[in-house]
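So the chains spell out like this:
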Amino acid sequence: MEKKCKMSYDAKWKVLDELLIELQNRDEKIPADVMKDLRSAKTIIQVLKADPSHLESISRIDTYLRSVESYVIL
């Protein structure tokens, strides 16, 4: 049986942040919308921590993180 590894939103955010920093260190220009999505994800993660009953925040976080992931992968 296959085990699924579930990362917390904080952990995902941190990995993506570090990847973008590494790309910037290699003189890659990161689009403003990607940086905005990363910041937005962090903000909503903090909102979710403060109020876990805000379940609509989960889909917004997922959307922002997927957008940043898509940029990093390409």
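Residues numbered from 1 in each chain as written. Predicted model: local features only at pLDDT ≥ 70, side-chain atom pairs only at ≥ 80, totals over all residues. Heavy atoms only, no water.

Peer 1: How do you make sense of the nonpolar core when you look at a structure like this?
Peer 2: Grouped burial of nonpolar side chains is what soluble globular proteins tend to show. Grouped together as the largest cluster of nonpolar side chains are 13 residues, with contacts concentrated most on W13, L20, L38, I61, L65 and V68. Listing elements by their share of this core, those giving two or more residues are α1 (9–25), α2 (32–50) and α3 (56–73). With 6 residues, α2 is the single largest residue contributor to this core. Not counting the four nearest positions on each side in its chain, V68 is found in contact with L16, L20, V34, D37 and L38. (Core = buried A, V, L, I, M, F, W, Y, C linked by side-chain atoms within 4.5 Å. Buried < 20%, exposed > 50% of the residue type's maximum accessible area, 1.4 Å probe, protein only. Helix = DSSP H or I, 4+ residues; strand = E, 2+ residues; numbered from the N terminus. Contact = heavy atoms within 4.5 Å.)

Peer 1: I'm lost on the pattern of salt bridges in this one. Help?
Peer 2: Oppositely charged side chains can form a pair if their charged atoms are brought close together. This structure, assessed with the given rule, holds 4 salt bridges. With a closest N to O distance of 2.7 Å, E22 and R26 form a salt bridge. What makes E22 partly exposed here is its relative accessible area of 35%. Exposure remark for R26: the relative accessible area of 61% places this residue in the exposed category. Salt bridges linked by common partners bring D10, K42 and K49 together as one network. (Salt bridge = Lys/Arg side-chain N within 4 Å of Asp/Glu carboxyl O.)

Peer 1: What exactly am I supposed to notice about the packing of α1 against α3 here?
Peer 2: Packed helix pairs are characterised by how far apart their axes lie and by the angle those axes make with each other. Direction vectors running N to C along α1 and α3 enclose 25°, while the axes themselves pass 11 Å from each other. In terms of axis orientation, α1 runs roughly parallel to α3. The two elements α1 and α3 meet at a crossing, and its hand is left-handed. Contact with α1, carried on its side by Y9, K12, W13, L16, L19, L20 and L23, involves I58, I61, D62, L65, V68, E69, Y71 and V72 of α3 and no other residues of that element. Taken together, the residues of the contact of α1 with α3 sort by class into 12 nonpolar, no polar and 3 charged. (Axes fitted to C-alpha atoms, helices over the stretch in contact; angles between N-to-C directions. Parallel < 35°, antiparallel > 145°, perpendicular 65-115°, else oblique. Left-handed = near helix turned anticlockwise from the far one by under 90°. Nonpolar A, V, L, I, M, F, W, Y, C, P; charged D, E, K, R; others polar.)

Peer 1: What is the right way to look at the packing of aromatic side chains in this model?
Peer 2: Each aromatic ring pair is characterised by the separation of its centres together with the angle its planes make. Going through the model one piece at a time under the given rule, you end up with 0 aromatic pairs. Directly above the aromatic system of W13 lies the positively charged group of K42, at a separation of 4.6 Å from the ring centroid. (Phe/Tyr/Trp six-rings, centres within 6.5 Å; stacked < 30°, edge-to-face > 60°. Lys NZ or Arg CZ within 6 Å of the ring centre and 35° of its normal.)

Peer 1: I would appreciate a short explanation of unusual backbone geometry in the present structure.
Peer 2: Trans is the common state for peptide bonds, and a negative phi is the common state for residues other than glycine. For D27, which is not glycine, the phi dihedral falls at a positive 65°. Inspection of the secondary structure assignment puts D27 in the loop between α1 and α2. Given the relative accessible area of 73%, D27 is considered exposed.

Peer 1: Looking at this structure, how should I read α1?
Peer 2: Each α-helix winds once per 3.6 residues, and so residues spaced three or four apart point in a common direction. Over its 17 residues, α1 extends 24 Å from the first C-alpha to the last, a length consistent with the 24 Å expected when each residue adds 1.5 Å. Tucked into the core, α1 has its buried residues touching α2 and α3. Count one or two residues on from α1 and you reach D27, which has phi positive near 65°. (Expected span 1.5 Å × (residues − 1).)

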